[in-house]
Structure formats: structure tokens, C-alpha cells
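Descriptive structure summary
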2 protein chains.
Amino acid sequence: MTFDELIRRSQEACDALSEADDGLKREILAHAGNRWSLGVVHALGVAGTLRHSDLARRLEGVTQRMLTRTLRQLERDGLISRHDHREVPPRVDYSLTDLGRGLLTGMMPLWAWVIDNAESFRDARSRFDREQA
Amino acid sequence: MTFDELIRRSQEACDALSEADDGLKREILAHAGNRWSLGVVHALGVAGTLRHSDLARRLEGVTQRMLTRTLRQLERDGLISRHDHREVPPRVDYSLTDLGRGLLTGMMPLWAWVIDNAESFRDARSRFDREQA
DNA sequence: CCGCATCCTATACGATACTG
DNA sequence: CAGTATCGTATAGGATGCGG
């Protein structure tokens, strides 16, 4: 598909959008851009099921507060499911929902593209910063 | 490609990532999640070249401040190019770079996926909110 | 027309300490 | 172990007015 065809289709899709849908799209993408969301989704995609402490170990630098907040947000978005075993000591584990797996799948091409063009991004940025100086 | 194969590949890709690349990925996605970025990129994809005031008209509700800020950010990321005609009154127009077109292309599948699953997102959220009550 | 300066609110993110 | 509470800073986003 050419770029123009792609644009035409996206134009049609956009015209068909309700304002609520457009807000939803931005919201989901905004969540995906949050500090730890992608890391959590990816870790769960790789491991299948993980406990809170497992995730804390895998996401180096995350605090309990931010991990909990991120998990709640992802759960609210329906991307992960939370299972509380109701034991003492506490045992809670998380896994991707079908929706979460779908997001991960849908993100891959974009992700790969960003990595492939990492150098272009760095070049563009350093050029911009130089010109501003 | 199955989900597991996809995960395995993303795992390999992730292992190969420098920490800087990972930060870059998050940063680009965070910018994509910003309030007006996608709208600007999409509008430029559709129209080709637009002036500041054209964009302001197309993005209903945007303020001059946020539009300028968004344009600077996108320009710094190398996604759009800015051409100042240096006339009086001022005349500045914006268009997508190859990198910007690439981002738009890469975003389409994800975008379409979010729209396709809009109802699932709403269901998940209302279920979550009900259970919290 | 385009952009900036100023002032404001909301929230992401983090450090730290605490609870069942 | 999982989560909450409280503190702080940084930044997104907006309203409004000024200037080349």
C-alpha cells in the first residue's frame, strides 16, 4: 500500500470516528507512553504470569508506588488481569488479557520502526539543538 | 506469526536494546500520546503542507501556545519540517518529513486496532469502575 | 500571522515511611 | 508481600495578553 492510499484510508477511518473514540485512542496511546506501562506489558507477554515483586525486580528502578499505579491503570484499561490468591502473606499475580496481548501485537511494528530509525531520531534532535544554539 | 513467536522476537529485540534506545522508544510513544501530536501528524499527512493557522483551524480547541509547543516538539523529533518564508506578515508552513510519514505509517495498525476494540475498552473500564464501587 | 511571556491547575513521577 | 499515605519536583495543558 502506498503512503497516499494509507492516508486516504486513515482519513476515512478518522471521519467515521466519534469524538469519544478519538479521545479513547489518545488516552490509550498516552498510557502506552507512560514510564512503566510498556515494560509491564512486555514482561507479562514474555513471562505469562508474574507477581508484583517479580515485576518490581524486572523493571529496574520502579518504585512500589509507581508499579501499583501502573498495574491499576492497565487493569482498568482491561489490558491485564489481577488475581488475588487471598493468602497470608499476600500473593497476587498478574497476566495479560486477550486485549493486552492484542496491544502488544499491535505495538510491535511501531516499536520495531522506532528502533530501526533510532539513529535518524538522534540525528534530527542534535541538528535541531545545534540550530537553536 | 503466533503470539509466542512475536514475543520471542520482541524479547530478542529487547535484549539487543541499549538503555538509550529503550528511553527513546518510550519518549517517542509519550510524544505520540500528547494531546495534539497525532492530530498534527495526521492533518499534515492528509493535507501535505499547512500553515500554523491552517492547523489551528483543523485541530478544534487547540490554543496557539499548545500548537506552537507541539510543532516544536515534532520538529525537534525530526517528524515535521518547518519552513519560514520570512515575509511580512509572517508566513510559516509545516509538512511531514520522511520520518514523520514513517511514524504515521507505523501508527496505523495500532490505531486501527484501538478503534476496532473501542467497545472492549469501554466494557473493561465500566466493569472495573463498578467493581471498585 | 506567528510566536512568546506570564500565570494557573492537574497530574506523572519519585523518595520515604507505614500497614495488614 | 502487596499496598497505602504523604511529601516533594517536573511537566503537560490551558487562559490571556503582548510584540514583531
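In the annotation of an unreviewed UniProt entry, the entry for chain A reads Helix-turn-helix transcriptional regulator, and the organism field reads Archangium minus.

Residues and elements named next belong to chain B. A sheet is described by the order of its strands in space; here 3 strands give the open sequence S1-S3-S2, paired in antiparallel fashion. Where the open sheet ends on each side, the last strands, each with one partner, are strand S1 (49-51) and strand S2 (80-84). For this sheet the average axis-to-axis angle between neighbouring strands, irrespective of direction, equals 25°. Helix H3 (residues 37-47) contacts S1, S2 and strand S3 (92-96) of the sheet and is inclined by roughly 90° relative to S3.

All right, on to the interface of chain B and chain A then. If you look at the interface, chain B gives 53 residues, while chain A gives 53 residues. A buried area of about 5,300 Å², summed over both sides, lies between chain B and chain A, and 72% of it is on carbon and sulfur atoms. In terms of surface lost to chain A, no three residues of chain B exceed Arg26, Arg76 and Arg125 of chain B, which account for 13% of the buried area on that side. A salt bridge links Asp77 of chain A to Arg125 of chain B, with the shortest nitrogen-to-oxygen separation between them at 2.5 Å. Viewed at the interface, chain A and chain B are joined by 6 residue pairs in polar contact (both at pLDDT 80 or more).

Of the transformation placing chain B onto chain A, the axial shift is 0.0 Å and the rotation is 180°, giving an RMSD of 0.1 Å. In short, the pair behaves as if placed about a two-fold rotation axis. Take the interface residues of chain B: 100% of them recur as interface residues in chain A, which is what a same-surface contact looks like.

All names here are of chain A. The 3 strands are arranged S1-S3-S2 in an open sheet whose pairing can be described as antiparallel. Only two strands of the sheet have a single neighbouring strand rather than two, namely strand S1 (49-51) and strand S2 (80-84). Direction aside, the axes of adjacent strands within the sheet are offset by 25° on average. By the bridge criterion, 3 bridges tie S1 to strand S3 (residues 92-96) in an arrangement that is antiparallel. Within S3, the residue paired with Thr49 across the bridge is Ser95. Across the sheet, helix H3 (residues 37-47) touches S1, S2 and S3, and the angle it forms with S3 is around 90°.

Right, let's talk about the pairing of S3 of chain B for a bit. All names here are of chain B. Across the 5 residues that make up S3, a large majority, 5, are buried. The alternating pattern of S3 places Val92, Tyr94 and Leu96 and Asp93 and Ser95 on opposite faces, both of which are buried. Judged from the 5 bridges that link them, S2 and S3 form a sheet pairing that is antiparallel. Residue pairing for S3: Ile80 is matched across the bridge by Leu96.

According to the domain assignment, chain A contains domain 1 (1-32) and domain 2 (35-132). For domain 1 of chain A and domain 2 of chain A, the distance between their C-alpha centroids amounts to 23 Å.

Turning next to the protein's contact with DNA strand C. Inspection of the region around DNA strand C gives 20 residues, with Arg35 of chain A together with His52, Ser53, Gln64 and Arg82 of chain B positioned closest. Within 4 Å of the protein, the contacting atoms of DNA strand C are drawn from sugar and phosphate to the extent of 62%. Arg51 of chain B places a polar side-chain atom, nitrogen or oxygen, 2.9 Å from a phosphate oxygen of DNA strand C. The contact in question runs from a phosphate oxygen of DNA strand C to an N or O atom on the side chain of His52 of chain B, over 2.8 Å.

Conventions adopted
- Residues numbered from 1 in each chain as written.
- Chains lettered and ligands numbered in written order.
- Predicted model: local features only at pLDDT ≥ 70, side-chain atom pairs only at ≥ 80, totals over all residues.
- Heavy atoms only, no water.
- Pairing = 2+ DSSP bridges.
- Helix = DSSP H or I, 4+ residues; strand = E, 2+ residues; numbered from the N terminus.
- Axes fitted to C-alpha atoms, helices over the stretch in contact; angles between N-to-C directions.
- Contact = heavy atoms within 4.5 Å.
- Buried area = accessible area lost by both parts, 1.4 Å probe.
- Salt bridge = Lys/Arg side-chain N within 4 Å of Asp/Glu carboxyl O.
- Polar contact = N/O pair within 3.5 Å; in protein donor to acceptor, adjacent residues only side chain to side chain.
- Least-squares fit on C-alpha atoms with pLDDT ≥ 70 in both.
- Buried < 20%, exposed > 50% of the residue type's maximum accessible area, 1.4 Å probe, protein only.
- Domains from an automatic or database assignment.
- Near = heavy atom within 4 Å.

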